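Here are the chains, one letter per residue:
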Amino acid sequence: MPTAHADSFQRLPGGKAVGEGLTIYRSKESVRVGPSMAANSMGRSAWVSGNVRVVAPGIDTSDAGPNNGPRGEDAMPGSNGTSTTGAGGTTTVVYVVGCQVSIGQLDAGLRLGLGGLFDFTGETGGIPLLGVGGNLNLPLSPGEVKYALVDRKQMTKPGTYYFNWRNAQMDIQGCGGYAQARSLAVVETTGNNHQKIQLWGKPFTIG
């Protein structure tokens, strides 16, 4: 009989990031980590939950137009790419997942837009889709970093935008050492008052 391993559960702290005319709030974030559903010694699974709320009374009213693809913020959150959809703003919520890397040191790399660092796959503008209650298999090699997309929204008018996910599953495969992840919410506005606001979550270990 295989050895049974209990899942570990961790509540993660909330956070807030303030821009001009908008504020990002993160709350009720948690993670449960356990053995991979594939039942192999090289994998592990994480079930993540959380809320992100963007209060944006100060953004412009502007309809979204065509998306120019992976050069934009929609496909590379945090990379300093500019969203060119024409909407008043874009909000993207992802998990950044890495194998044997320090997630806490990723800020500089993301802002510099080190395109060679990222491995984009899937059919959602280049980012694997985690989604609400979804199940995403993430093959990770040592030193590799990937995005797992929770959701993204075009902000076409002032207001409040909500993101809620519960027990969305990431199945990590191929990482021989420890794996880490942290959430990231990015808001970028267009128009004359262009700004980018990032809200990072606390890093957590996935086995």
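Remember, it's a predicted structure, so these values are computed and weren't measured experimentally. (Residues numbered from 1 in each chain as written. Predicted model: local features only at pLDDT ≥ 70, side-chain atom pairs only at ≥ 80, totals over all residues. Heavy atoms only, no water.)

### Thoughts on the packing of aromatic side chains
Definition in use: Centre distance within 6.5 Å is the pairing criterion for rings of Phe, Tyr and Trp, where only the six-membered ring of Trp is used; planes under 30 degrees apart are then read as stacked, over 60 as edge-to-face, and the remainder as tilted. Numbering of helices and strands runs from the N terminus; a helix is a DSSP stretch of H or I covering at least four residues, while a strand is a stretch of E covering at least two. In this scheme, a residue with accessible area under 20% of its type's maximum is buried, one over 50% is exposed, and one in between is partly exposed, where area comes from a 1.4 Å probe on protein chains only. A ring is considered to have a charge above it if a Lys NZ or an Arg CZ atom is located within 6 Å of its centre and within 35 degrees of its normal.
This structure, assessed with the given rule, holds two aromatic pairs. Judged by centre distance (6.2 Å) and plane angle (85 degrees), the ring pair of Y95 and W165 falls under edge-to-face. One end of the pair, Y95, is in strand β5 (residues 89–99); the other, W165, is in strand β8 (residues 159–173), and 70 residues separate them in sequence. Here Y95 and W165 have matching classes, each one buried. Note on Y95 and F204: the rings are 6.2 Å apart at their centroids and 70 degrees apart in plane angle, and the pair reads as edge-to-face. Linking Y95 in strand β5 with F204 in strand β11 (residues 204–205), this pair joins segments that are 109 residues apart in sequence. The pair formed by Y95 and F204 is uniform in burial state, with each residue classed as buried. Chaining the aromatic ring pairs together yields one cluster made of Y95, W165 and F204. We note R32 situated over the ring of W47; from NZ or CZ to the ring centre the distance is 4.3 Å. The residue whose ring lies beneath R53 is Y25, and the NZ or CZ to ring-centre distance is 4.4 Å.

### Details of the pattern of salt bridges
Heads up, the condition is: Whenever a carboxyl oxygen of Asp or Glu lies within 4 Å of a side-chain nitrogen of Lys or Arg, that contact is scored as a salt bridge.
Evaluation of the coordinates by the stated rule reveals three salt bridges. For the salt bridge of E29 with R26, the shortest nitrogen-to-oxygen distance reads 3.1 Å. For E29, a relative accessible area of 2% corresponds to the buried category.

### A few points about the nonpolar core
For clarity, the cut-off: For this analysis, a nonpolar core means a set of buried residues of the types Ala, Val, Leu, Ile, Met, Phe, Trp, Tyr and Cys, connected via side-chain atoms within 4.5 Å.
In terms of nonpolar packing, the biggest core is built from 37 residues, with I24, V54, Y95, V97, M170, I172 and I206 touching the most fellow members. Elements with a contribution of two residues or more to this core: β3 (22–35), β4 (44–56), β5, β6 (135–139), β7 (145–155), β8, β9 (179–189) and β10 (195–200). Counting residues per element, this core draws most heavily on β8, which supplies six residues. Listed in part, the eight residues of the second largest apolar core include V94, V96, L184 and V186.

### A short note on the pairing of β9
Stated precisely, the cut-off is as follows: Pairing between strands requires that DSSP locate at least two bridges from one strand to the other.
Of all the 11 residues making up β9, 11 are buried; the element is thus mostly covered by neighbouring parts of the structure. Side chains A179, A181, S183, A185, V187 and T189 project from β9 onto one buried face, and the interleaved Q180, R182, L184, V186 and E188 project onto a second face that is buried too. Two elements, β5 and β9, share 11 bridges in a ladder whose sense is antiparallel. Opposite V96, over in β9, you have R182 as the bridge partner. As paired strands, β9 and β11 are joined by two bridges and run antiparallel to one another. The residue bridging A181 from the neighbouring strand is F204, located in β11. For β9 and β10, the ladder comprises six bridges, and the chain directions are antiparallel. Across the sheet, V187 pairs through a bridge with I197, a residue of β10.

### Considerations on the side chain of T91
Convention followed: The contact criterion used is simple: two residues touch if any of their non-hydrogen atoms lie within 4.5 Å.
For T91, the position within the fold is in strand β5. With near-sequence residues (within four places) excluded, T91 lies in contact with V54, D151, R152, K153, M155, F163, V186 and V187.

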